[in-house]
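Below are the chains, spelled out letter by letter.
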Amino acid sequence: MRRLLIVSCIAGCILTGNPVAGDPATPAPEPKVAWGGLVDDLGAVVFRTRRDAQERLLTLGKQSPERVLAVCVAYYATREDVEVRARLEQIMQQLVDEHLFRRPRGFLGIHIQRTEVVDDQDRAIPGVAVMQLTEGSAAAAAGMLPADLITQIGKLTIGNATTIEDFVKYIQSRPAGETLDVKVLREGKPLALAVKLGVLPEEMTAPLLTEGSGKAFYKNWLEARLKQFRAAQQPTAAPDEP
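If you're wondering where the values come from, they're calculated on a predicted model, not measured in any experiment.

**Some thoughts on the overall build of the protein**
- Scanning the protein from terminus to terminus reveals nine helices and eight strands.
- Summarising the internal contacts of the protein: among those between residues at least 6 apart in sequence, 61% fall at separations of at least 24.

**Comments concerning the pairing of strand 4 (residues 149-153)**
- Counting buried positions over the five residues of strand 4 gives four, a clear majority of the element.
- As paired elements, strand 3 (residues 124-133) and strand 4 share two bridges and run antiparallel to each other. When the bridges of strand 4 are listed, A129 appears paired with L149.
- Where strand 4 lies against strand 6 (residues 179-186), four bridges are found, and the strand directions are antiparallel. The partner of I153 across the bridge, within strand 6, is V182.
- Of the strand pairs in this sheet, strand 4 and strand 5 (residues 156-157) are connected by two bridges, and their pairing is antiparallel. Pairing of Q152 across the sheet is with T157, part of strand 5.

**A look at helix 4 (residues 65-78)**
- Between its first and last C-alpha, helix 4 extends 20 Å over 14 residues, near the 20 Å set by a 1.5 Å rise per residue.
- Helix 4 sits mainly inside the fold: ten of its 14 residues count as buried.
- Every buried residue of helix 4 is listed here: R67, V68, L69, A70, V71, C72, V73, A74, Y75 and Y76.

**What about the nonpolar core?**
- L42, M92 and W221 are the most contacted members of the largest nonpolar core, which has 28 residues in total.
- At the level of elements, helix 2 (35-41), helix 3 (47-63), helix 4, helix 5 (82-101) and helix 9 (211-233) are the ones that each hand at least two residues to this core.
- Considering every element that reaches this core, the biggest residue donor is helix 4, with eight residues.
- Non-local contacts of W221, meaning those with residues more than four positions away in its chain, are made with L69, V73, M92, V96 and L100.
- Counting residues in each nonpolar core, the second largest holds 22 residues, with L156, F167, L180 and V184 among its members.

**Regarding the packing of aromatic side chains**
- A full pass over the atoms with the stated rule returns two aromatic pairs.
- Note on F101 and F217: the rings are 5.5 Å apart at their centroids and 50 degrees apart in plane angle, and the pair reads as tilted. Highlighted residues: F101 in helix 5 and F217 in helix 9, separated in sequence by 116 residues.
- Residue class for F101 comes out buried when judged on its relative accessible area of 3%.
- A relative accessible area of 28% places F217 in the partly exposed class.
- Between Y218 and W221 the ring centres are 6.1 Å apart and the planes differ by 25 degrees, which places this aromatic pair in the stacked class. Remark: W221 and Y218 occur in helix 9; sequence separation between them is three residues, near one turn of the helix.
- Judged by relative accessible area, which is 11%, W221 ranks as buried.
- Across from the ring centre of Y76, 4.1 Å away, lies the NZ or CZ of R85, which sits over that ring.

**Thoughts on the packing of helix 3 against helix 5**
- Where helix 3 contacts helix 5, the axes come no closer than 10 Å and their chain directions differ by 30 degrees. As the angle between them shows, helix 3 and helix 5 are arranged roughly parallel. Helix-helix and strand crossings are classified by hand; for helix 3 and helix 5 the assignment is right-handed. Here F47, R50, R51, Q54, L57, L58, G61 and K62 of helix 3 lie close against helix 5, whose contacting residues are E83, R87, Q90, I91, Q94, L95, E98 and H99.

Conventions adopted
Residues numbered from 1 in each chain as written. Predicted model: local features only at pLDDT ≥ 70, side-chain atom pairs only at ≥ 80, totals over all residues. Heavy atoms only, no water. Helix = DSSP H or I, 4+ residues; strand = E, 2+ residues; numbered from the N terminus. Contact = heavy atoms within 4.5 Å. Buried < 20%, exposed > 50% of the residue type's maximum accessible area, 1.4 Å probe, protein only. Pairing = 2+ DSSP bridges. Expected span 1.5 Å × (residues − 1). Core = buried A, V, L, I, M, F, W, Y, C linked by side-chain atoms within 4.5 Å. Phe/Tyr/Trp six-rings, centres within 6.5 Å; stacked < 30°, edge-to-face > 60°. Lys NZ or Arg CZ within 6 Å of the ring centre and 35° of its normal. Axes fitted to C-alpha atoms, helices over the stretch in contact; angles between N-to-C directions. Parallel < 35°, antiparallel > 145°, perpendicular 65-115°, else oblique. Left-handed = near helix turned anticlockwise from the far one by under 90°.

Shown next as structure tokens:
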């Protein structure tokens with residue numbers, strides 16, 4: 001019972017928010033869900049109860065995938081019941097596939113080349129050179145120009161070991177519509193831009209949606225989320241006394 005209360009508290013703290021009273025943009029509060037009882041039903045003796053609980057969580061997940069995925073991760077990390085963990089994983093696999101793996105992927109709309117420039121102090125600065133922009137692309141809308149040298153985009157810093165493949169994979173790993181900060185060198189001078197990613201064309205998306213890549217995506221996602229959840233449970237060290 002104590003473990004159930006702790007996990008419920010954790011999930012609630014992570015997932016809930018307080019709507020602003022009187023704000024017309026604030027959506028109506030979601031109905032309260034007894035997450036602990038719903039998860040318990042995944043391991044019920046009666047098959048129908050297990051099936052109904054799983055379908056209920058999937059339905060909630062279609063309405064709010066990130067919320068339900070966070071709940072599933074919290075209970076998956078703390079429950080030992082094999083049946084419960086197996087059904088939680090089925091739920092997570094389906095939601096991750098539908099709402100993360102198959103979501104529209106980011107696209108810049110540029111032709112690029114891996115290169116480096118030498119600054120005034122004879123230091124080599126690695127980057128990705130913009131060779132050509134597609135008219136109407138996300139990069140063009142952000143103000144990028146041919147010959148710009150991208151040195152950082154989002155959380156990806158272009159280093160000596162960064163390849164064109166690394167750059168492309170990073171952009172495609174971000175959701176379409178996300179805005180990324182970009183650092184470029186233009187005629188040797190640093191410039192900061194912000195780019196709102198476009199949608200990767202369908203003919204470029206289809207080859208990425210293989211069964212093997214989907215499994216690898218889910219595995220990496222789950223490992224990262226479990227690591228994040230467990231790190232959040234570590235007690236904070238008390239500050240040293242002066």
